[in-house]
Amino acid sequence: MFSDNKKPRPMTEFGGQPNRIEKNTKIKGDITSEADFRIDGKLEGNVKTSGKVVIGKDGYINGKVECVNADIEGKFNGELLVKDLLSLKSSAIIEGTVSVAKLSVEPGATFNASCVMGKGAPVTTAAPKLETAKSNEPAKVS
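We now turn to the structure provided with this report.

Calculation notes
Residues numbered from 1 in each chain as written. Predicted model: local features only at pLDDT ≥ 70, side-chain atom pairs only at ≥ 80, totals over all residues. Heavy atoms only, no water. Core = buried A, V, L, I, M, F, W, Y, C linked by side-chain atoms within 4.5 Å. Buried < 20%, exposed > 50% of the residue type's maximum accessible area, 1.4 Å probe, protein only. Helix = DSSP H or I, 4+ residues; strand = E, 2+ residues; numbered from the N terminus. Contact = heavy atoms within 4.5 Å. Pairing = 2+ DSSP bridges. 1 Å grid on protein atoms, 1.4 Å probe; cavity = no way out; pocket = protein on both sides within 12 Å on 5 of 7 lines; lining within 4 Å. Points joined across faces, edges and corners; volume = space filled by probe spheres on them.

Another aspect to go through is the nonpolar core. Grouped together as the largest cluster of nonpolar side chains are 23 residues, with contacts concentrated most on V53, I61, V65, I72, F76, L80 and L86. Of all the secondary structure elements, the ones that give two or more residues to this core are β4 (37-39), β7 (52-55), β8 (60-67), β9 (69-72), β10 (75-88) and β11 (93-105). Contact partners of I72, with chain neighbours within four places excluded, come to I55, L80, L86, S87, L88, K89, A92 and I94.

This part covers the pairing of β8. Pairing between strand β5 (residues 42-44) and β8: three bridges, direction parallel. Note that in β8 the partner of E44 across the bridge is N62. Bridge count for strand β6 (residues 47-49) against β8 is two bridges, and the pairing is parallel. Bridged to K48 within β8 is E66. Of the pairings in the sheet, the one linking β8 to β10 comprises eight bridges and is parallel in character.

Next up on the list: the layout of surface pockets. Its volume calculated, the largest pocket comes out at about 160 Å³. Those elements giving two or more residues to the lining of the largest pocket turn out to be β3 (31-33), β6, β8 and β10.

Encoded structure:
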């Protein structure tokens, strides 16, 4: 009936348990995690994870998010870098810049963002190199 199985069990899933920011919780700062993340509260800052980010219906992020997959029902404002699938539910409101491999948008979602999509979509924030005229040549007008 009672056994001596009180030894800690090893985590079978890399990254551990999913993290959660509950409703009515406000956080300012940067978060780094290897596990999935669900935000039902408000976050002003950056999230970087090798898992999935879920923004619940009452959730809000203002900052930069880097993740593998994302499901958004709430609000996001900033830079969103998703390596695989971004799924926007009908209640989602997105503003800013988005880089994603695959995009799914339900009718009713608000998507006011510049978006780069596809397997070749950059997942870094490096600024593109601009070609400049040489100092001894006049600028050419097209």
